[in-house]
Amino acid sequence: MEELQYSKIYGAQNTGIPLVVLHGLFGMSDNWGTFGRSFGEKRQVHLLDLRNHGRSFHSDEMSIEAMVDDLYTYIKAIGGDKIDLLGHSLGGKVAMQFAIDHPEKVRKLIVADIAPKPYPPHHEDIFNALSAVNIENVENRKDVQTALEKYIKEPGVIQFLLKNVYIKENRKLGWRFNLDVLKGKYTDFITVGIKSGVFEGPTLFLAGEKSRYILPEDKTNIEIQFPKATIKTIPNSGHWVQAENPQAFDTFVAEFLDQ
């Protein structure tokens, strides 16, 4: 029996093509709640937790291929013929590979602040910080925050990670994500690019103006694999484009989906 990803669904009563949203590394569906509520007024929106994240199942396997398969299983389970697909960062990588592997399932693709290329490892500070927190023995979220602050200087990143702290049944604190697997399999899913192939459908890439994830020289490679791609820049935003400038992000997404 294949395990199904956890999802939050907005606008379940709406008909038409559902919009499926995939978060990034260390994220979860909860991060997209405001977006989901807003877009759920007009369409069905499914916010998914990737494996080893949020409330989805934990697994020793953590690869782009495995996450593509998870998404295929989910779409089959909801009886989806075609979807619109939006992915941010790691979720964007899964979305790109899914669209190339299963083009018949995707009407429109939106990729937030990531290119189809391999990236060098760049989350060492976060892994060091998370590994330094003795999560089973801390008293409360404030203790977790204090421990993280020794390693991470950006308050936004700390708050983002703290969203993953929850109280387990034994009253101890835990992480929603599967830290050991994410750390152990990191190079399997971060330092790989999108495998060869082409998605011919309409595609929108949204790059953060202050982010270095999508560079001008990436345009050529993007257009080889996504010939119908448009690249737009979200002003005044870094990597977390949807959180740092939600107004511009939502406007670009809505315009693209409604075209």
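Conventions we followed
- Residues numbered from 1 in each chain as written.
- Predicted model: local features only at pLDDT ≥ 70, side-chain atom pairs only at ≥ 80, totals over all residues.
- Heavy atoms only, no water.
- Helix = DSSP H or I, 4+ residues; strand = E, 2+ residues; numbered from the N terminus.
- Rg over C-alpha atoms; globule rule 2.2 N^0.38 Å.
- Buried < 20%, exposed > 50% of the residue type's maximum accessible area, 1.4 Å probe, protein only.
- Contact = heavy atoms within 4.5 Å.
- Areas by Shrake-Rupley, 256 points an atom, 1.4 Å probe, with all protein chains shown as cover.
- Pairing = 2+ DSSP bridges.
- Axes fitted to C-alpha atoms, helices over the stretch in contact; angles between N-to-C directions.
- Parallel < 35°, antiparallel > 145°, perpendicular 65-115°, else oblique.
- Left-handed = near helix turned anticlockwise from the far one by under 90°.
- Patch = residues over 30% accessible without salt bridge, like charges linked within 9 Å, V, L, I, M, F, W, Y side chains within 5 Å.
- Salt bridge = Lys/Arg side-chain N within 4 Å of Asp/Glu carboxyl O.
- Lys, Arg positive; Asp, Glu negative; His and termini not counted.
- Charge placed at Lys NZ, Arg CZ, Asp CG, Glu CD.
- Core = buried A, V, L, I, M, F, W, Y, C linked by side-chain atoms within 4.5 Å.
- Nonpolar A, V, L, I, M, F, W, Y, C, P; charged D, E, K, R; others polar.
- Right-handed = clockwise from strand over helix to strand, strands pointing away.
- Expected span 1.5 Å × (residues − 1).

The number of helices and strands found in the chain is 11 helices and nine strands. Taken over the C-alpha trace, the chain has a radius of gyration of 18 Å; the compact-globule value for 259 residues is 18 Å, and the two agree within 12%. Each principal axis of the C-alpha atoms in the chain carries an extent, and together these give about 50 × 40 × 35 Å. For the chain, with 259 residues in total, the buried portion stands at 56%. The contacts of the chain with a sequence gap of at least 6 include a subset with a gap of at least 24, amounting to 74%. Carbon together with sulfur atoms contributes 50% to the accessible area of the chain, which is approximately 11900 Å² in total.

Moving on: the sheet that holds strand 3 (residues 45–48). The strand order across the open sheet built from seven strands is 1-3-2-4-5-8-9, with neighbouring strands paired in mixed fashion. Of all the strands in the sheet, the pair left with one neighbour each is strand 1 (7–10) and strand 9 (229–234). Strand-to-strand twist across the sheet, computed as the mean angle between neighbouring axes with direction ignored, equals 15 degrees. Where strand 2 (residues 19–22) and strand 4 (residues 83–88) come together, four bridges link them in parallel fashion. Looking at the pairing, Val20 lines up with Leu85 of strand 4. Most of the contacts of helix 3 (residues 90–101) go to strand 4, to which it runs at about 145 degrees, and overall it touches strand 2, strand 4, strand 5 (106–112) and strand 8 (203–208). Along the sheet face, helix 11 (residues 246–258) touches strand 2, strand 4, strand 5, strand 8 and strand 9 and points at about 160 degrees away from the line of strand 5.

The geometry of helix 2 (residues 64–77) relative to helix 3 is characterised by a closest axis approach of 9 Å and an angle of 70 degrees between their N-to-C directions. As judged from the angle between their axes, helix 2 and helix 3 are roughly perpendicular. For the element pair helix 2 and helix 3, the recorded crossing hand is right-handed. In this structure, helix 2 uses Ile64, Met67, Val68, Leu71, Tyr72 and Ile75 to contact helix 3, whose residues at the interface are Leu90, Lys93, Val94, Gln97, Phe98 and Asp101.

Glancing now at a negative patch on the surface. On the surface, Glu2, Glu61, Asp69 and Asp101 cluster together to form a negatively charged patch. Within the secondary structure, Glu61 is located in the loop between strand 3 and helix 2. On the basis of relative accessibility, which here comes to 46%, the residue Glu61 falls in the partly exposed class.

The next point concerns unusual backbone geometry. Residue Asn52 is not a glycine yet carries a positive backbone phi of 65 degrees. Structurally, Asn52 is set in the loop between strand 3 and helix 2.

What follows concerns the nonpolar core. The biggest cluster of nonpolar side chains holds 63 residues, and the ones touching the most others in it are Phe26, Leu85, Val144 and Phe189. Ranked by residues supplied to this core, first place goes to helix 3 with seven residues. In this structure Phe26 touches His53, His123, Ile126, Phe127, Leu130, Phe160, Leu161, Asn164, Phe177 and Leu182, once residues within four positions along its chain are discounted. In terms of nonpolar packing, the next biggest core, distinct from the first, is built from 21 residues, Ala248, Phe252, Phe256 and Leu257 among them.

For the rest of this paragraph, the subject is the packing of helix 5 (residues 141–149) against helix 6 (residues 155–162). Their axes nearest at 10 Å, the elements helix 5 and helix 6 cross at an angle of 140 degrees. Relative to helix 6, the element helix 5 lies oblique. Two packed elements cross with a definite hand, and for helix 5 against helix 6 that hand is right-handed. Note on element contacts: helix 6 touches helix 5 through Ile158, Gln159, Leu161 and Leu162, opposite Arg141, Val144, Gln145, Leu148 and Glu149. Looking at side-chain class alone, the contact of helix 5 with helix 6 contains five nonpolar, two polar and two charged residues.

It is worth spelling out the pairing of strand 9 at this point. Looking along a regular strand, one sees side chains alternate from face to face of the sheet. Bridge count between strand 8 and strand 9: six bridges; the pairing is parallel. Bridge pairing in strand 9 places Leu204 opposite Thr230. Read as a crossover between parallel neighbours, the route from strand 8 over helix 9 (residues 219–225) to strand 9 is right-handed.

When you line up the elements, Asn128 lands in helix 4 (residues 124–132). Judged by relative accessible area, which is 42%, Asn128 ranks as partly exposed.

Between its first and last C-alpha atoms helix 3 spans 17 Å; for 12 residues at 1.5 Å apiece the expected length is 16 Å, and the two agree. Of all 12 residues that make up helix 3, 11 are buried, and the element is covered over most of its length.

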